[in-house]
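As a plain string of letters, each chain reads:
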Number of protein chains: 2
Amino acid sequence: MRPLLDRLQERGCRMTAQRRIIAEVFAGNHVHFTADDVLQRARIALPEVSRATVYNALNDFTALGELLEVTHADGKKRYDPNVEQRHHHLVCVDCDRMLDVHTVDPDLPFAERHGFEIIDVAVTFHARCPDCVAAKAVSS
Amino acid sequence: MRPLLDRLQERGCRMTAQRRIIAEVFAGNHVHFTADDVLQRARIALPEVSRATVYNALNDFTALGELLEVTHADGKKRYDPNVEQRHHHLVCVDCDRMLDVHTVDPDLPFAERHGFEIIDVAVTFHARCPDCVAAKAVSS
DNA sequence: GTCCCTGCAAACGTTTTGCACACAG
DNA sequence: CTGTGTGCAAAACGTTTGCAGGGAC
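Note that the structure is a prediction, hence the values are computed from the model and not measured. (Residues numbered from 1 in each chain as written. Chains lettered and ligands numbered in written order. Predicted model: local features only at pLDDT ≥ 70, side-chain atom pairs only at ≥ 80, totals over all residues. Heavy atoms only, no water.)

Asks: For the domain arrangement of chain A, give the residues involved together with the corresponding values.
Replies: Interfaces are often sized by the amount of accessible area the parts lose when they come together. All names here are of chain A. One can read the domain layout of chain A as domain 1 (4-80) and domain 2 (88-139). Summarising the inter-unit geometry, the C-alpha centres of domain 1 and domain 2 are found 24 Å apart. Of the roughly 580 Å² buried at the junction of domain 1 and domain 2 (both faces included), carbon and sulfur atoms supply 47%. Of all residues in domain 1, His 30, His 32 and Arg 78 bury the most surface against domain 2, accounting for 67% of the area lost on that side. Summed over the shared surface of domain 1 and domain 2, the number is zero salt bridges. The interface formed by domain 1 and domain 2 includes five residue pairs in polar contact (both at pLDDT 80 or more). Counting residues per element, the ones that place at least two in the side of domain 1 that touches domain 2 are β2 (69-73) and β3 (76-80). (Domains from an automatic or database assignment. Buried area = accessible area lost by both parts, 1.4 Å probe. Salt bridge = Lys/Arg side-chain N within 4 Å of Asp/Glu carboxyl O. Polar contact = N/O pair within 3.5 Å; in protein donor to acceptor, adjacent residues only side chain to side chain. Helix = DSSP H or I, 4+ residues; strand = E, 2+ residues; numbered from the N terminus.)

Asks: Give a detailed account of the packing of aromatic side chains, specifying residues and quantitative values.
Replies: Any two aromatic rings considered together are summarised by their centre-to-centre distance and by the angle between their planes. Residues and elements named next belong to chain A. If you walk through the whole model with that rule in mind, you get two aromatic pairs over all chains. Look at Phe 26 and Phe 33: their rings are 6.1 Å apart centre to centre, the planes differ by 50 degrees, and that puts the pair in the tilted class. Residue class for Phe 26 comes out buried when judged on its relative accessible area of 1%. Taking the relative accessible area as the measure of exposure, Phe 33 reaches 11% and is therefore buried. (Phe/Tyr/Trp six-rings, centres within 6.5 Å; stacked < 30°, edge-to-face > 60°. Buried < 20%, exposed > 50% of the residue type's maximum accessible area, 1.4 Å probe, protein only.)

Asks: Please set out the sheet that holds strand β1 (residues 33-34) of chain B residue by residue, giving values where relevant.
Replies: All names here are of chain B. If you walk across this open sheet you meet the three strands as β1-β3-β2, and the pairing is antiparallel. The open sheet terminates on both sides in strands that have one partner only, identified here as β1 and β2 (69-73). Strand direction decides the pairing type here: β2 and strand β3 (residues 76-80), joined by five bridges, are antiparallel. Residue Thr 71 lies in a different strand from β3, and its bridge partner there is Arg 78. (Pairing = 2+ DSSP bridges.)

Asks: Break down the protein's contact with DNA strand C for me, with residues and values.
Replies: The immediate surroundings of DNA strand C are formed by 20 residues, with A:Arg14, A:Thr16, A:Glu48, A:Thr53 and B:Tyr55 found nearest. Of what DNA strand C places within 4 Å of the protein, 76% of the atoms are sugar or phosphate. A distance of 3.2 Å separates a phosphate oxygen of DNA strand C from a polar atom in the backbone of A:Ser50. A distance of 3.3 Å separates a phosphate oxygen of DNA strand C from a polar side-chain atom of B:Lys76. Secondary structure elements with two or more residues in the surface near DNA strand C: α2 (17-25) and α4 (51-64) of chain A together with α4 (51-64) and β3 of chain B. Examining the composition of the surface near DNA strand C, we find that five residues originate from one element, α4(B), more than from any other. For the surface near DNA strand C, a count of residues per class yields six nonpolar, seven polar and seven charged. (Near = heavy atom within 4 Å. Nonpolar A, V, L, I, M, F, W, Y, C, P; charged D, E, K, R; others polar.)

Structure follows, in structure tokens:
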């Protein structure tokens, strides 16, 4: 998929040094950063990025739709640039690492719908990543 | 299922007036309150319940395991006393109403596991509840 | 030149914590 | 009597907002 930066510019999104850096943080597609992750990474390239600017930019980018997606995980927001294909998430319960996975969407039987109009479904697999499994094996 | 209060007492959990009231808030099983919901409801029966006590009690109750379950929804914690049977959630995107539903757990194909050890899976259906569908029909 | 983005700091809502006191066991 | 739950207030945390100034277009 095209980098987020390119896609933002196509949308006529106004660009500044800070916003460019923030967009570039999402270079890899299978990435799920919290606002603070983004801030830290942005500051490597440009130290005078403020927290508010990161939040503003992330909110603006997501508001454009279909460019950056928000996932609530564990009380924190995570931003995910992989909006091209539907996907679900695999999260490590120990280190919070999050990966995209592709599974068939579960179906909600009509009898269970309680009259609700289903919009979409989010599936999150809670798991332990190989590193944390290894770390646990050592400590025990 | 037995009321939460009974199950807490079986566990030898120390009881006070406040904790009893808090447990009684969860009388119905298919209930998903935020900490603030619990506080408000508890104060109907006993006005001098403090916010901290609600949080303490909720954290203690969940720490006992298998009595009260936490669900992160939209950046807020919700407490769910229905831990006897595995279930998933159906949430109204407009009014936040949350219901339990029972679906088959989706399976994550081995090729998608990335070496993670799966612990469990959470499924959340985002939907519009009948009331909010009706409200939308009126406003348009 | 206009409008919007920026940085700072302060406000916000939710949750946690430190403390002295009171009550359950 | 001892240990733990209580209320209060303050802090912590992630996020948002108000404002004056500056840079994109």
